[in-house]
Amino acid sequence: MIFNNTSKIINKKELLSIDYVPNKIIGRDEEIKELAFHLSYIFREPPSLPTQLIFGGSGTGKTTIVLYLLKEVEKEVEKRKLKIKLKIVKLKGSESKTKYEVLKKILVQIAPDIEVSSNSADLHSKIINVIAERGLYILIFLDEIHELRENELNGVLYTLSRLGQDISFVEIKTKEKIEKIEKGNVGYILISNDANIRSKLKENTRSSLTRENIIFKRYTPEQIVDILKSRIEEGALYENKIENGVLEFIAGTSVKEGQDARYGLILLSNIAKETEKRNLPKIILEIANYVNQILIQDYLKQLLRDLPDLYMETLVIIYELHLRKEKINSKTIWEIYQQKTYLPQVNFSRISQIVTALEKENIIYVTQSKKSKLRNLSIEENLVEIEEVLKEMGKL
């Protein structure tokens, strides 16, 4: 029979997903305590909503912790039978990359009965009027703000940071037209992998945006092991289906590759699948090592495909310098970038930030150079994957 696979390793596949919010949060007690404190003002009288920025690398638990606490907030509001009209709006910069798309999704989530306008100004007006007139408390959770388009980032963050004041203005402006106007409030939680994102903003946005920050540090290998064990104990795998040392290998590999718990979960999931494909009774270290080698290549290619436009153009320049066998550093990249007049105008500092980000993702590597203060770079180790993706994206 085609479907007669007797190897049962995976029990509940969804528990290995990076989007799953676990019952038990590992290694983030301080961050939970800090964010919970800011969210606690929702339950005071009068209620107020947080304005919070959260930074940290991929796989450090930022999104998981926020979703976990927002779920707890909703349960607590229902438990206390509070009359507050709280609506939590959840957005991703990778899915809503422009000001229009962000405002459109906010309106759809808070007032699906209101017709969506074709421009940002009308959407903004409808949102603040709905909030003010209906007395809504809107908490906007915008994940991956670093994925917003470069030319839209400033406008999106400025608009979100000013919504509360805009609502106050509407209440004053429309007081004579509405017999009884409710009181509304807006808060936001913004997540970014880029701790330097403020430097990309205009002064008026920087001053308007919250100064309340929470920094998520990378997990230790021991914490990643505990995270994986916790998922398994919840039922991700059947009992006694993993050899001793495999989880430690996964955790060590995740840290070594510059990744975090996200990669660990992806790796464990793929190892479990490969074990079932081979009809083996238990996950063993040999399979874990084999899957990791394949996954590193595939993971890099997916990472390259997801690069923002400006990062991709910078990588093309780095590739061109590699083919010419010229030095690759921030200065030479900047000089070539300036020659490409069709690209958006950016300064040297911005190019340096992009180069640093590519280094952090292990897309490019630093090579030692004693003759120059500038760090020379290389793509030799990832050349095959970079060429494949650049061709696939029509850049070559």
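In short, a report on the structure. (Residues numbered from 1 in each chain as written. Predicted model: local features only at pLDDT ≥ 70, side-chain atom pairs only at ≥ 80, totals over all residues. Heavy atoms only, no water.)

### Looking at the overall build of the protein chain
Here's step 1: Summing up its helical and strand segments, the protein chain has 14 helices and seven strands in all.
Here's step 2: Counting only C-alpha atoms, the protein chain reaches 70 × 60 × 40 Å along its principal axes.
Here's step 3: When burial is assessed residue by residue, the protein chain has 47% of its 396 residues classed as buried.
Here's step 4: Total accessible area on the protein chain stands at roughly 21400 Å², and carbon and sulfur atoms take up 48% of it.
Here's step 5: Between the centroid of the 62 positive side chains of the protein chain and the centroid of its 57 negative side chains there is a distance of 2 Å. (Helix = DSSP H or I, 4+ residues; strand = E, 2+ residues; numbered from the N terminus. Buried < 20%, exposed > 50% of the residue type's maximum accessible area, 1.4 Å probe, protein only. Areas by Shrake-Rupley, 256 points an atom, 1.4 Å probe, with all protein chains shown as cover. Lys, Arg positive; Asp, Glu negative; His and termini not counted. Charge placed at Lys NZ, Arg CZ, Asp CG, Glu CD.)

### Considerations on the side chain of T159
Here's step 1: Of note, T159 is situated in helix α5 (residues 153-173).
Here's step 2: A relative accessible area of 7% places T159 in the buried class.
Here's step 3: Of note is the side chain of T159, whose polar atom sits 3.5 Å from the side chain of K99.
Here's step 4: Ignoring sequence-local partners within four residues, the contact set of T159 consists of K99, L103 and H124. (Polar contact = N/O pair within 3.5 Å; in protein donor to acceptor, adjacent residues only side chain to side chain. Contact = heavy atoms within 4.5 Å.)

### Points about the packing of helix α7 (residues 221-234) against helix α8 (residues 246-256)
Here's step 1: Direction vectors running N to C along α7 and α8 enclose 130°, while the axes themselves pass 8 Å from each other. Comparing their axes, α8 and α7 come out oblique. For α7 against α8, the interelement crossing comes out right-handed. Contacts between α7 and α8 involve P221, I224, V225, L228, K229 and I232 on the former and, on the latter, L247, E248, I250, A251, S254 and V255.
Here's step 2: When the residues that make up the contact of α7 with α8 are grouped by side-chain class, the tally is nine nonpolar, one polar and two charged. (Axes fitted to C-alpha atoms, helices over the stretch in contact; angles between N-to-C directions. Parallel < 35°, antiparallel > 145°, perpendicular 65-115°, else oblique. Left-handed = near helix turned anticlockwise from the far one by under 90°. Nonpolar A, V, L, I, M, F, W, Y, C, P; charged D, E, K, R; others polar.)

### Examining the environment of N119
Here's step 1: Take N119: it is sitting in the loop between α3 (99-110) and α4 (120-134).
Here's step 2: In sequence terms N119 and V108 are 11 residues apart; their C-alpha atoms lie 14 Å from each other.
Here's step 3: Within polar-contact distance, the side chain of N119 engages the backbone nitrogen of D122 at 2.9 Å.

### Some details on the pairing of strand β3 (residues 136-143)
Here's step 1: Counting buried positions along β3 yields eight of eight residues, so the element is predominantly enclosed.
Here's step 2: By the alternation rule, side chains of β3 split into L136, I138, I140 and L142 and Y137, L139, F141 and D143, which are all buried.
Here's step 3: Bridging between strand β2 (residues 85-92) and β3 involves eight bridges; their strand directions are parallel. When the bridges of β3 are listed, I88 appears paired with L139.
Here's step 4: As paired elements, β3 and strand β4 (residues 185-192) share six bridges and run parallel to each other. The partner of Y137 across the bridge, within β4, is N185. (Pairing = 2+ DSSP bridges.)

### Topic: the pattern of salt bridges
Here's step 1: Going through the model one piece at a time under the given rule, you end up with 14 salt bridges.
Here's step 2: For K395, the salt bridge is made with E313, and the minimal N-O distance between the two is 2.8 Å. Placement of the pair is K395 in the segment after α14 (383-392) and E313 in helix α11 (residues 309-323), with a sequence separation of 82 residues.
Here's step 3: Given a relative accessible area of 32%, K395 falls into the partly exposed group. (Salt bridge = Lys/Arg side-chain N within 4 Å of Asp/Glu carboxyl O.)

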